[in-house]
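Observations on chain architecture
The lines below spell out each chain.
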Amino acid sequence: DAGVIQSPRHEVTEMGQEVTLRCKPISGHNSLFWYRQTMMRGLELLIYFNNNVPIDDSGMPEDRFSAKMPNASFSTLKIQPSEPRDSAVYFCASSPRWEGVGYEQYFGPGTRLTVT
Amino acid sequence: SQQGEEDPQALSIQEGENATMNCSYKTSINNLQWYRQNSGRGLVHLILIRSNEREKHSGRLRVTLDTSKKSSSLLITASRAADTASYFCAARLQAAGNKLTFGGGTRVLVKP
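Remember, predicted model here, so these are calculated numbers, not experimental data.

**As for the sheet that holds strand β1 (residues 5-7) of chain A**
Residue and element names in this part refer to chain A.
- Strands sit in the order β1-β3-β8-β7 across an open sheet of 4 strands; the sheet is antiparallel. Two strands close off the open sheet at either side, each with one partner strand: β1 and β7 (65-71). When strand polarity is set aside, the average angle formed by the axes of neighbouring strands in this sheet is 15°.
- The pairing of strand β3 (residues 19-24) with strand β8 (residues 74-79) spans 5 bridges and is classified as antiparallel. By the bridge assignment for β8, Leu21 is matched with Leu77.

Below, the structure written as structure tokens:
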């Protein structure tokens, strides 16, 4: 299995531009998570989906952030308009199941976003 | 303060020594997980211990869980330079659905 795939790996953009990050979870996994990691705030959960349905978006910083999961094999995280404080590494992770006592998460390599 | 707080924040040891790091959390959990992150990479799952388990082993890793103290520890025995990484605990809280709450991590440096 190729693991969780994220694109792009690096993104440099100017303030005010729209940024779209993409994620392909591991086939057969039905939970997907978006995280943001910074030195100051550590690893923060932004939103997660179970069976393509957003379950908890309480970590989404503000309305400039949106996430979609149109099917089981693809998700996007969009920032519009982007701001310098959005600079971070964004990780996507997937998990094989969501019910029961919980399972491990498999992380992608991350997208390093720099907003100038 | 955050759930899943690690202690210490940083650890420097010689190759061959053992490394121990601790994690505390505040509310009841379904399970607690440990992850490793090498610089510039994504997190890699190491081990999961359920709330009804007290100890678990995986290779050179040993994890303990004390639900009465709401704490867990990760021991890496006979450390190697390749173990240099940040280690995170992540709690699956009973009242929080399927999400994990990550701590701030322990940065481990293993000197050859």
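**Observations concerning the interface of chain A and chain B**
- Listed as interface residues are 22 residues of chain A and, on the opposing side, 20 residues of chain B.
- Note on chain A versus chain B: buried area summed over both sides is about 1600 Å², and carbon and sulfur give 49% of it.
- At the surface where chain A touches chain B, the tally comes to 1 salt bridge.
- Of the charged contacts, one joins A:Asp56 and B:Lys99 as a salt bridge, the two residues approaching to 2.7 Å between their closest N and O atoms.
- Inspection of the chain A/chain B interface yields 4 residue pairs in polar contact (both at pLDDT 80 or more).

**A look at the sheet that holds strand β1 (residues 5-7) of chain B**
All names here are of chain B.
- If you walk across this open sheet you meet the 5 strands as β1-β3-β8-β7-β6, and the pairing is antiparallel. The strands lining the two open edges of the sheet, one partner per strand, are β1 and β6 (55-58). Looking at each pair of strands side by side, their axes are set apart by 20° on average, direction ignored.
- Looking at chain direction, strand β7 (residues 61-66) and strand β8 (residues 71-76) are connected through 6 bridges and run antiparallel. When the sheet's bridge partners are listed, Leu65 is paired in β8 with Ser72.

**Considerations on the confidence of the model for chain B**
- When pLDDT is averaged across chain B, the result is 91; 96% of the residues are at 70 or more.
- The secondary structure element of chain B with the lowest average pLDDT is β1(B), at 81, and the one with the highest is β7(B), at 97.

The rules behind the values
- Residues numbered from 1 in each chain as written.
- Chains lettered and ligands numbered in written order.
- Predicted model: local features only at pLDDT ≥ 70, side-chain atom pairs only at ≥ 80, totals over all residues.
- Heavy atoms only, no water.
- Pairing = 2+ DSSP bridges.
- Helix = DSSP H or I, 4+ residues; strand = E, 2+ residues; numbered from the N terminus.
- Axes fitted to C-alpha atoms, helices over the stretch in contact; angles between N-to-C directions.
- Contact = heavy atoms within 4.5 Å.
- Buried area = accessible area lost by both parts, 1.4 Å probe.
- Salt bridge = Lys/Arg side-chain N within 4 Å of Asp/Glu carboxyl O.
- Polar contact = N/O pair within 3.5 Å; in protein donor to acceptor, adjacent residues only side chain to side chain.
- pLDDT = per-residue confidence, 0-100.

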